[in-house]
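# Survey of secondary and tertiary structure
Residues per chain, in single letters:
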Amino acid sequence: MKRAGCILLAVAPVATVAVFLFTPSHDDDGKSGSHGASSSQRSDGDAEAAKAAAEKKADDDAIADLPPGLAAPAKKDLAQQIVASAENSTLDWRGQYGYIEDIKDGQGYTAGIIGFCTGTHDLLTLVERYTKAHPDNGLARYLPALRKVDGTDSHEGLDPGFPAAWKKEASDPAFRAAENSERDRVYFDPAVRLAKLDGLGTLGQFIYYDAMVLHGPGTGPSGFYGLREKAMREADTPAQGGKEKAYLDIFLDVRRTAMKAKKPDRDTTRIDTAQRQFLYDGNLTLKTPLVWKVYGETYRVP
């Protein structure tokens, strides 16, 4: 069984939103008044920017002192296997670079190692960034069509050649590296960073990562950051003095509810018989051997 659906990546991550909110406002013509920003406005903006930079450095320093957790190479590979079991019904995540199909979830084509979608902006961003570094690639000619169908389930301008072009490009090590890079930039790195700041161990970091993949890095009620905020209204994170297992249990409840909200019969075994099982087993370090079930199929990592 393939993934149940990608979520539209229409909202910037929280850090980006924060920077925007603390930037001095501008009128429609790009000016803040007939004489531009006042000295006090510039001063306030500089102070906020300095404060944000100081907070980021403090977070970076705190993370640097922590164990690698899910970012350790073996754990990261394990994370990719668990995600692939839910996304592609396999542990062979490296065999999915060239995967592409329309799974009829309203998001157009789903492709690659993390389920980039033509309807959710992340596939477009991947191809744009790849084309900037490799202008003559076989996907570049589809950029106008990808921009046109972004946010829809349309194949206009993509059929019949785009799937074949994707598969062919996926044989190039440079494109595989681009998929890895975009996965890390958009999903893995932000999820693991925030999980560490929330005081979560390796399992919690994986749970955040899987949520980022499935729900998308949005700040709305159905995006990752919105789901995290909802969970934090019900339970404290370990960084806030809460119990790790209790907080993660609530977070999984929130995720499960969000998955069922639009489709009550949606399969939630990636939570029920995988992540929740690890949690109830007390495996907060995600140690192996590991056994879990997704969609009724059993997977094992020795």
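Computed from a predicted model, the values in this text were never measured in an experiment. All residue numbers refer to positions counted from 1 along the written sequence of the respective chain. Local features are withheld for residues below a pLDDT of 70 in this predicted model, meaning they are given only at 70 or higher, and side-chain atom pairs are given and counted only at 80 or more; totals for whole chains, interfaces and linings count all residues. The basis for every side-chain value is the complete set of heavy atoms in the structure, and neither hydrogens nor water enter the calculation.

## A closer look at unusual backbone geometry
How we decide: Every helix listed is a DSSP run of H or I at least four residues long, and every strand listed is a run of E at least two residues long, numbered separately from the N terminus.
With an omega dihedral of 5 degrees, the bond running from Asp-159 to Pro-160 counts as a cis peptide bond. Secondary-structure assignment places Pro-160 in the loop between α5 (143-149) and α6 (162-169). Here Thr-288 and Pro-289 are connected by a cis peptide whose omega angle stands at 5 degrees. Its place among the elements puts Pro-289 in the loop between α11 (269-280) and β4 (290-294). The backbone phi angle of Ser-89 is positive, close to 55 degrees, even though this residue is not glycine.

## Quick notes on the environment of Asp-60
The cut-off we apply is this: We call a residue buried when its accessible area falls under 20% of the maximum for its residue type, exposed when it is over 50%, and partly exposed in between, using a 1.4 Å probe and counting protein chains only.
Along the chain, Asp-60 turns up in helix α2 (residues 39-64). With relative accessibility at 27%, the residue Asp-60 sits in the partly exposed group. Expressed as a C-alpha distance, the spacing of Asp-60 and Arg-193, which sit 133 residues apart in the sequence, is 8.9 Å.

## Some points on the packing of aromatic side chains
Where we set the bar: Stacked, edge-to-face and tilted are the three classes for Phe, Tyr and Trp ring pairs, Trp counted by its six-membered ring, which pair at centre distances within 6.5 Å; planes under 30 degrees apart are stacked, over 60 edge-to-face, the rest tilted. Geometrically, a charge over a ring is one whose NZ (Lys) or CZ (Arg) sits within 6 Å of the ring centre while staying within 35 degrees of the ring normal.
Inspection of every chain in the model, using the stated rule, returns 14 aromatic pairs. Taking the centre distance of 5.1 Å and the plane angle of 45 degrees together, the rings of Tyr-208 and Phe-251 count as tilted. On the criterion of sequence distance, the pair formed by Tyr-208 in helix α8 (residues 202-215) and Phe-251 in helix α10 (residues 244-261) is long-range, its members being 43 residues apart. The exposure classification of Tyr-208 matches that of Phe-251, with both residues buried. Relative to Tyr-225, the ring of Phe-224 has its centre 5.1 Å away and its plane inclined at 80 degrees; by these criteria the two rings are edge-to-face. An aromatic cluster of three or more residues is present, and its members are Tyr-109, Tyr-130, Tyr-142, Phe-162, Trp-166 and Phe-175. Between Lys-76 and the ring centre of Phe-188, over which it is positioned, the NZ or CZ distance is 4.7 Å.

## Observations concerning the pairing of β4
In plain terms, the rule: Note on pairing: two strands pair once DSSP finds at least 2 bridges between them.
On β4, burial follows the alternation: Leu-290, Trp-292 and Val-294 on one face are buried, whereas Val-291 and Lys-293 on the facing-out side are not. Counting the residues that bridge the hairpin from β4 to strand β5 (residues 297-301) gives two residues, and of these Tyr-295 lies at a positive phi of roughly 55 degrees.

## Re the pattern of salt bridges
What counts is decided by this rule: Only one rule defines a salt bridge in this text: a Lys or Arg side-chain nitrogen within 4 Å of an Asp or Glu carboxyl oxygen.
Following the criterion strictly, the structure yields 17 salt bridges and no others. One salt bridge connects Arg-94 with Asp-77, and the closest N-O pair in it is separated by 2.9 Å. You can see Arg-94 sitting in the loop between α3 (73-87) and β1 (100-102) and its partner Asp-77 sitting in helix α3, a full 17 residues away along the chain. Using a relative accessible area of 47% as the deciding quantity, one classes Arg-94 as partly exposed. In this structure, Glu-87 engages Arg-270 in a salt bridge whose closest nitrogen and oxygen atoms are separated by 3.0 Å. A residue pair is termed long-range when its members are at least 10 positions apart, and Glu-87 in helix α3 and Arg-270 in helix α11 qualify at 183 residues. Both residues of the pair, Glu-87 and Arg-270, count as buried. Members of the salt-bridge network, linked through shared partners, are Glu-87, Asp-210, Arg-255 and Arg-270.

## Examining the sheet that holds strand β3 (residues 116-117)
Taken in spatial order, the three strands of this open sheet run β1-β2-β3, and their pairing is antiparallel. In the strand order of this sheet, the two ends are held by β1 and β3, each with one partner. Here two bridges tie strand β2 (residues 109-111) to β3, and the two strands are oriented antiparallel to one another. Bridge assignment links Thr-110 to a residue of β3, and that residue is Cys-117.

## Some remarks on the packing of α3 against α8
What counts, and what does not: Between N-to-C directions, angles span 0 to 180 degrees; the directions come from axes that are lines fitted to C-alpha atoms, helices contributing only their stretch in contact. Put simply, angles under 35 degrees are roughly parallel, angles over 145 are roughly antiparallel, angles from 65 to 115 are roughly perpendicular, and the rest are oblique. For any pair of crossing helices, the crossing counts as left-handed if the nearer helix is rotated counterclockwise from the farther one by less than a right angle, and right-handed if it is rotated clockwise. The criterion used for residue contact is that any of the two residues' heavy atoms lie within 4.5 Å. Under the grouping applied here, Gly and all other residues not named as nonpolar or charged are polar, the nonpolar ones being Ala, Val, Leu, Ile, Met, Phe, Trp, Tyr, Cys and Pro and the charged ones Asp, Glu, Lys and Arg.
Following both chains from N to C, one finds α3 and α8 inclined at 45 degrees, their axes separated by 11 Å at the closest point. Relative to α8, the element α3 lies oblique. Judged by the sense of rotation from one axis to the other, the crossing of α3 with α8 is right-handed. Of α8, the residues touching α3 (which contributes Lys-75, Ala-79, Gln-80, Ile-82, Val-83 and Glu-87) are Thr-202, Phe-206, Tyr-209, Asp-210, Val-213 and Leu-214. When its residues are assigned to classes, the contact of α3 with α8 shows seven nonpolar, two polar and three charged.

## Considering helix α7 (residues 173-197)
Basically, it comes down to this: Every helix has an expected span of 1.5 Å times one less than the residues it contains. Bend, in this description, refers to the angle at a residue between axes fitted to the seven residues ending there and the seven starting there. N or O atoms closer than or at 3.5 Å make up a polar contact, with two conditions inside protein: a donor-capable atom paired with an acceptor-capable one, and, for residues adjacent in sequence, both atoms drawn from side chains.
Taking 1.5 Å as the rise per residue, α7 with 25 residues should run 36 Å; its terminal C-alpha atoms sit 34 Å apart, in good agreement. Taking the largest bend as the criterion, α7 deviates by roughly 50 degrees, centred on Asp-184. Capping of α7 at its N-terminal end is provided by Asp-172; its side-chain oxygen lies 2.8 Å from the backbone amide nitrogen of Ala-174. Two residues or fewer after α7 comes Gly-199, characterised by a positive phi angle close to 85 degrees.

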